[in-house]
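Close look at the chain arrangement
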Amino acid sequence: MKVWKMIGAGVVTLMIALPAQAQVEDTYTKDGDVVTVTRYYEDGSVREVGTFKNDKPDGRWIEYTREGAIKTEAIYANGEKEGKWFVWTEDGEYLYEVVYQDNKLKNASRWKIEDRNAIANN
């Protein structure tokens with residue numbers, strides 16, 4: 001009898017917990033020939049936002065951490081990497097600036113965030 005109570009309690013717990021962890025559906029919004037996609041984490045917070053044109057990534061893409069901080073900021077042109085990309089490390093200690101030209105890596109730099117902030121404040 002005790003085993004059945006434990007199994008029953010486990011089933012009830014799963015029935016309550018599973019709906020709370022349901023995945024949030026990605027959203028797609030069309031404006032002319034541009035489609036904006038927003039992708040979400042399981043908890044409903046925004047994971048990334050970007051645009052497609054002619055079924056290819058085009059324009060600014062931003063990826064976020066679960067806490068809402070920007071993790072990556074990227075630019076695409078007709079499906080190819082282009083311009084300056086910024087990538088922050090998980091711990092927030094470093095910022096990488098990566099430059100693409102014609103879908104090829106042209107240059108990359110790394111800054112310790114406190115050093116970069118000190119320079120910006122002077």
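Remember, it's a predicted structure, so these values are computed and weren't measured experimentally.

Considering the packing of aromatic side chains
Tallied over the entire structure, the rule returns five aromatic pairs. Relative to Trp88, the ring of Phe86 has its centre 6.3 Å away and its plane inclined at 40°; by these criteria the two rings are tilted. Residue classification places Trp88 among the partly exposed residues on the basis of a relative accessible area of 26%. Within the aromatic cluster, the residues linked to one another by ring pairs are Phe52, Trp61, Tyr76, Trp85 and Tyr100. Looking at Arg110, its charged tip hangs above the ring of Tyr94, at a distance of 4.1 Å from the centre.

Describing the pattern of salt bridges
Within this structure, the stated rule accounts for 10 salt bridges. For the salt bridge of Arg47 with Glu48, the shortest nitrogen-to-oxygen distance reads 3.9 Å. Taken together, the salt bridges that share partners define one network made up of Asp26, Arg39, Arg47 and Glu48.

Some details on unusual backbone geometry
In this structure, Asp55 is a non-glycine residue whose phi angle is positive, near 65°. Relative to the helices and strands, Asp55 resides in the loop between β3 (46–53) and β4 (56–57). A relative accessible area of 75% means that Asp55 is categorised as exposed. In this structure, Asn103 takes a positive phi of about 65° despite not being glycine. Relative to the elements of secondary structure, Asn103 occurs in the loop between β9 (94–101) and β10 (104–112).

So, the pairing of β10
Looking along a regular strand, one sees the side chains alternate between the two faces of the sheet. Alignment of β9 against β10, held across eight bridges, turns out to be antiparallel. Opposite Leu95, over in β10, you have Trp111 as the bridge partner. Hairpin connection from β9 to β10: two residues lie between these consecutive antiparallel strands, with Asp102 at a positive phi of about 55°.

Some points on the environment of Asp102
Tracing the backbone shows Asp102 in the loop between β9 and β10. Each C-alpha atom of the pair Asp102 and Glu82 lies 6.4 Å from the other, and the pair is 20 residues apart in sequence. When near neighbours in sequence (up to four residues on either side) are disregarded, Asp102 contacts Glu80, Lys81 and Glu82.

Conventions used here
- Residues numbered from 1 in each chain as written.
- Predicted model: local features only at pLDDT ≥ 70, side-chain atom pairs only at ≥ 80, totals over all residues.
- Heavy atoms only, no water.
- Phe/Tyr/Trp six-rings, centres within 6.5 Å; stacked < 30°, edge-to-face > 60°.
- Buried < 20%, exposed > 50% of the residue type's maximum accessible area, 1.4 Å probe, protein only.
- Lys NZ or Arg CZ within 6 Å of the ring centre and 35° of its normal.
- Salt bridge = Lys/Arg side-chain N within 4 Å of Asp/Glu carboxyl O.
- Helix = DSSP H or I, 4+ residues; strand = E, 2+ residues; numbered from the N terminus.
- Pairing = 2+ DSSP bridges.
- Contact = heavy atoms within 4.5 Å.

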